[in-house]
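# What the coordinates show
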Amino acid sequence: MGYKDILVYLDPTPASDERLRLAVALAKREGARLLGVDASSQDAFLGAWRDQAVRIGDNFEETLREAQIEGQLIGDGFREPTSSPDYANCVDLAIAPRPDEVSRALVRADLPDQAVATSGAPMLIVPQGWKYGPLGDRVVVAWNGSREAIRAVHDAMPLLQKARKVVIFSFSTAPSGLRESAELLRAHLSRHGVTAEISDWTNTGDMTAVDALFASLDTQDADLIVAGAYGHPRHIEQWFGGVSVDLLRQPMLPLLMSH
């Protein structure tokens with residue numbers, strides 16, 4: 001099992017360069033083909049960022065040649081799609097930005113929220129301020145026993161199998177409420193050659209699941225979070241809040257999500 005087709009969304013911001021470096025490193029390690037998608041918004045071609053936006057394709061092609069990996073650029077960036085394109089459903093992993101307030105106008109409006117909810121592929125979401133470095137050495141799995149969570153674990157398996165440390169983080173309303181489920185997951189991971197620890201956090205009502213996750217020392221030491229996406233209908237999470245929305249908004253760590 002591995003990632004043989006990897007897609008990376010590109011835009012004119014400096015964070016896109018870090019994202020591309022990560023995509024190239026993963027593609028080389030996995031022996032994968034790399035698809036680059038120009039995800040620049042129309043506004044990116046109107047102002048000071050125009051030169052960078054116009055050069056996205058050339059920069060991507062040059063990066064492929066230097067890295068000596070197979071790849072292809074999709075889209076010219078001038079037309080923002082009105083629906084989720086099929087190519088996002090035909091890869092093993094997609095790497096997307098999590099724009100901040102400054103870069104939001106330069107990146108397609110559907111990234112990453114809509115793409116996470118509609119893509120058939122797992123999505124590795126990289127915060128705008130992330131600098132290229134180790135990813136997948138120390139992984140925290142946000143575990144709630146749901147279908148989406150186990151899907152994310154399976155989709156992350158090529159990374160988990162290479163990780164030095166994997167922690168299963170569970171947040172429940174009663175002491176060890178998810179312990180049995182977490183133990184089952186740990187046993188399942190061991191069958192795939194992954195040694196994992198379990199970290200229980202009891203919900204006492206004074207913080208949310210995401211607050212507890214980031215208060216955990218294991219998360220503070222991590223370089224990747226793995227989580228299921230949108231266990232409730234997406235419009236409900238958007239209007240009333242939810243773990244998926246909170247995780248997508250956090251600016252700290254790369255996040256691998258599956259829906």
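Here the structure is shown first, and the text comes after it.
Scope of this entry: the structure provided in the associated data block. (Residues numbered from 1 in each chain as written. Predicted model: local features only at pLDDT ≥ 70, side-chain atom pairs only at ≥ 80, totals over all residues. Heavy atoms only, no water.)

Ring pairs (aromatic) are described by centroid distance and by the angle formed between their planes. Counted according to the given criterion, the structure contains two aromatic pairs. Taking 6.3 Å as the distance between ring centres and 80° as the angle between the ring planes, the aromatic pair formed by Trp130 and Tyr132 counts as edge-to-face. Overall, the relative accessible area of 11% leaves Trp130 in the buried class. Ring centres of Phe169 and Trp201 lie 6.2 Å apart, and the angle between their planes is 50°; this geometry places the pair in the tilted category. Pair noted here: Phe169 is in strand E7 (residues 165-172) and Trp201 is in strand E8 (residues 196-202), with a separation of 32 residues, a long-range link. (Phe/Tyr/Trp six-rings, centres within 6.5 Å; stacked < 30°, edge-to-face > 60°. Buried < 20%, exposed > 50% of the residue type's maximum accessible area, 1.4 Å probe, protein only. Helix = DSSP H or I, 4+ residues; strand = E, 2+ residues; numbered from the N terminus.)

Before going further, it helps to examine the side chain of Thr13. Mapped onto the elements, Thr13 comes out in the loop between strand E1 (5-10) and helix H1 (14-30). At a separation of 3.3 Å, a polar atom in the side chain of Thr13 contacts the side chain of Gln128. When near neighbours in sequence (up to four residues on either side) are disregarded, Thr13 contacts Arg19, Trp49, Ser103, Leu106 and Gln128. (Polar contact = N/O pair within 3.5 Å; in protein donor to acceptor, adjacent residues only side chain to side chain. Contact = heavy atoms within 4.5 Å.)

Turning our eyes to something else, we now look at the nonpolar core. Counting residues in each nonpolar core, the largest one holds 45 residues, and the members touching the most others are Ile6, Leu34, Ile95, Leu124, Leu160, Leu189 and Leu256. Counting residues per element, this core draws most heavily on H1, which supplies six residues. When residues no more than four places from it in sequence are discounted, the contact partners of Ile6 are Leu26, Ala27, Ala32, Arg33, Leu34, Leu35, Leu93 and Ile95. If you look at the next biggest cluster of nonpolar residues, it comprises 35 residues, including Phe169, Ala212, Phe214 and Ala229. (Core = buried A, V, L, I, M, F, W, Y, C linked by side-chain atoms within 4.5 Å.)

Our focus in this paragraph is the pairing of strand E2 (residues 33-38). Most of E2 is tucked away: five of the six residues are buried. The pairing of E1 with E2 spans six bridges and is parallel. Paired with Ile6 across the strands is Leu34, a residue of E2. Regarding topology, H1 serves as the crossover connection from E1 to the parallel E2, and that connection is right-handed. By the bridge criterion, four bridges tie E2 to strand E3 (residues 71-74) in an arrangement that is parallel. In the strand pairing of E3, Leu34 is matched with Gly71. (Pairing = 2+ DSSP bridges. Right-handed = clockwise from strand over helix to strand, strands pointing away.)

What follows deals with a negative patch on the surface. Together, Asp58, Glu61, Glu62 and Glu66 give the surface a local cluster of negative charge. With respect to the helices and strands, the residue Glu66 is situated in helix H3 (residues 56-67). (Patch = residues over 30% accessible without salt bridge, like charges linked within 9 Å, V, L, I, M, F, W, Y side chains within 5 Å. Areas by Shrake-Rupley, 256 points an atom, 1.4 Å probe, with all protein chains shown as cover. Salt bridge = Lys/Arg side-chain N within 4 Å of Asp/Glu carboxyl O. Lys, Arg positive; Asp, Glu negative; His and termini not counted. Charge placed at Lys NZ, Arg CZ, Asp CG, Glu CD.)

All right, on to the sheet that holds strand E9 (residues 224-228) then. An order of E3-E2-E1-E4-E5-E10-E9-E6-E7-E8 is seen for the ten strands of this open sheet, with the pairing classed as mixed. Either end of the sheet is taken by a strand with one partner, and the two such strands are E3 and E8. This sheet shows a mean twist of 20° between the axes of neighbouring strands, independent of strand direction. Judged from the five bridges that link them, strand E4 (residues 93-98) and strand E5 (residues 123-127) form a sheet pairing that is parallel. The partner of Ala96 across the bridge, within E5, is Ile125. (Axes fitted to C-alpha atoms, helices over the stretch in contact; angles between N-to-C directions.)

Turning our eyes to something else, we now look at the pairing of E4. Burial within E4 is extensive, with six of its six residues counted as buried. Taking every second residue as pointing to the same face, both faces of E4 are buried, with Leu93, Ile95 and Pro97 on one and Ala94, Ala96 and Arg98 on the other. For E1 and E4, the ladder comprises three bridges, and the chain directions are parallel. Considered in E4, the bridge of Ile6 is made with Leu93. Taking the sense of rotation as the criterion, the β-α-β connection linking E4, helix H4 (residues 113-118) and E5 turns out right-handed.

A word on H1. For H1, built from 17 residues, the straight-helix expectation of 24 Å at 1.5 Å per residue is met to within 8% by its first-to-last C-alpha distance of 25 Å. Ala15, Ser16, Glu18, Arg19, Leu20, Leu22, Ala23, Val24, Leu26, Ala27 and Glu30 are the residues of H1 that are buried. In this structure, the buried side of H1 is in contact with E1, E2, H3, E4, E5 and helix H6 (157-160). Of the residues one or two after H1, Gly31 is the one with positive phi, at around 65°. (Expected span 1.5 Å × (residues − 1).)

Without other data, these values stay purely geometric and don't point to any function.
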